[in-house]
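Residues per chain, in single letters:
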Amino acid sequence: PSSDCVMAEQLCLSDSTCNATYRTLENCALAKTRLLSLDHDSRVRCLNAELDLGNSSLLHCKCHRRMKRQEHCLRIFWTVHSSMTDGYLNLETSPYENSANEEHWKTDYNKLAALVSGKNCSHLAGDATNPCLRATHVCNLSKKCFRLRTDYASICTKGAGSEDVCDRRKCHRGLRNFFEKVPEDFTKRILFCPCQDEFCGERRRKTIVPDCSFQYNTKPNCLWLLDSCLEDHICKSRLADFQQNCQPVDMSPDGCSLHNHAACLQAYMGMIGTPMTPNYVSNSSVEVSLWCTCENSGNQKEKCDQILDMFESNKCL
């Protein structure tokens with residue numbers, strides 16, 4: 001059974017043999033973070049240290065999206081699995097416990113209908129043609145949803161459109177806070193509200209405040225976006241989770257290798273608020289993409305296209 005990586009680390013450090021092996025792995029992970037090229041002997045030593053953990057709970061530990069000390073937990077996971085971080089195609093084991101199942105993700109429509117039809121919500125009747133506006137009003141009925149949505153909106157709209165003033169890092173943190181701490185009944189409704197017209201679509205697209213969190217003045221290369229992600233424990237973890245749960249398969253009836261759309265949608269939401277934040281590309285469709293281009297990718301064009309295709313041509317998503 002997998003355990004929390006923070007607890008697993010504490011157990012390991014209390015055992016002298018495990019402690020020594022773990023310290024070796026920390027040095028290996030540090031070298032990778034600093035982009036130091038390891039010689040053959042060092043690479044062998046790092047791989048042997050990972051194998052030496054055997055059945056240690058560290059080797060099988062996981063993290064939770066809503067846990068305290070999440071970044072510390074993820075750092076431990078990637079320390080133990082540092083050999084998996086060589087490139088895009090190798091990030092296939094998610095550090096997160098898979099808490100999303102189809103039942104959990106079936107929104108309680110009766111509960112929300114009662115909220116919407118309540119006497120405090122008579123003004124919502126006029127939002128019948130704009131589900132995204134209605135979803136926002138329902139969010140405002142929850143103190144937590146309203147507070148965290150207001151928080152990220154205020155951070156992300158300061159100096160929007162000017163990279164000198166918009167603090168993208170703070171904006172991303174605010175978005176992650178919202179999608180991690182607010183119940184999914186509210187966040188799913190705001191992000192995936194169905195639209196029939198452009199006004200509704202524009203509101204849905206602006207949920208992520210694209211001027212600050214999504215768009216740069218010029219589109220960066222997708223390979224640069226990936227490198228930025230792999231340098232960040234949270235982004236790297238969310239990307240691994242996305243790859244695991246949204247792996248497309250042509251021969252599969254539903255397009256997904258794991259046949260779990262709930263886990264894929266949760267993994268997609270996890271990418272919001274990272275350097276690889278996706279968003280709707282226009283207000284008239286449900287197509288999503290990263291804000292990046294594969295022009296001038298040279299001999300890495302194929303790898304670059306794979307990054308874009310994760311979102312643009314992903315049947316599972």
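Cut-offs applied
- Residues numbered from 1 in each chain as written.
- Predicted model: local features only at pLDDT ≥ 70, side-chain atom pairs only at ≥ 80, totals over all residues.
- Heavy atoms only, no water.
- UniProt positions renumbered as here; feature names shortened; annotations may be inferred.
- Disulfide = S-S within 2.5 Å.
- Buried < 20%, exposed > 50% of the residue type's maximum accessible area, 1.4 Å probe, protein only.
- Helix = DSSP H or I, 4+ residues; strand = E, 2+ residues; numbered from the N terminus.
- Contact = heavy atoms within 4.5 Å.
- Polar contact = N/O pair within 3.5 Å; in protein donor to acceptor, adjacent residues only side chain to side chain.
- Phe/Tyr/Trp six-rings, centres within 6.5 Å; stacked < 30°, edge-to-face > 60°.
- Lys NZ or Arg CZ within 6 Å of the ring centre and 35° of its normal.
- pLDDT = per-residue confidence, 0-100.

Going by the annotation in an unreviewed UniProt entry, the name recorded for the protein chain is GFRA4 protein, with Motacilla alba given as the source organism. Among the UniProt annotations of the protein chain, the heading Subcellular location (unreviewed entry) holds the following wording: "Cell membrane". Word for word, the UniProt comment on the protein chain under Sequence similarities (unreviewed entry) is "Belongs to the GDNFR family."

Caption draft 1: Looking closely at the state of the cysteines. The full count for this structure, using the stated rule, is 14 disulfides. Through a disulfide, Cys195 is tied to Cys200; the S-S separation comes to 2.1 Å. Looking down the S-S bond of the Cys195 and Cys200 bridge, the torsion is -65 degrees, so its handedness is left-handed. There is no split in this pair, since Cys195 and Cys200 are both buried.

Caption draft 2: View of the environment of Arg66. Topologically, Arg66 is positioned in the loop between α3 (40–52) and α4 (70–80). The class of Arg66 is partly exposed, set by a relative accessible area of 46%. Along the backbone, Arg66 and Phe179 are 113 residues apart, and their C-alpha atoms lie at a distance of 9.7 Å. Not counting chain neighbours up to four residues away, the residues in contact with Arg66 comprise Phe179, Glu180, Lys181, Val182, Pro183 and Glu184. Within the local environment of Arg66, its side chain forms a polar contact with the backbone oxygen of Glu180, the two atoms lying 2.7 Å apart. Of note is the side chain of Arg66, whose polar atom sits 3.1 Å from the backbone oxygen of Val182.

Caption draft 3: Just the packing of aromatic side chains, in detail. Enumeration over the complete set of coordinates arrives at seven aromatic pairs. Relative to Tyr268, the ring of Phe192 has its centre 6.2 Å away and its plane inclined at 40 degrees; by these criteria the two rings are tilted. You can see Phe192 sitting in the loop between α9 (184–191) and α10 (198–205) and its partner Tyr268 sitting in helix α14 (residues 261–271), a full 76 residues away along the chain. Through a chain of ring-to-ring contacts, the aromatic side chains of Tyr152, Phe178 and Phe179 assemble into a single cluster. Stacked on the ring of Tyr96, the Lys or Arg Arg65 has its end atom at 4.9 Å from the ring centre.

Caption draft 4: Broad picture of the confidence of the model for the protein chain. Per-residue confidence for the protein chain gives a mean pLDDT of 83; residues scoring 70 or more make up 83%. Confidence, read as mean pLDDT per element, is least for helix α5 (residues 109–117) in the protein chain (48) and greatest for strand β1 (residues 279–280) (95). For the stretch residues 85–89, pLDDT sits under 50, and the model shows 12 contacts to residues farther than four places along the chain or on other chains. Per-residue pLDDT stays below 50 along residues 115–126; that stretch engages in 11 contacts with residues further than four places along the chain or on separate chains.

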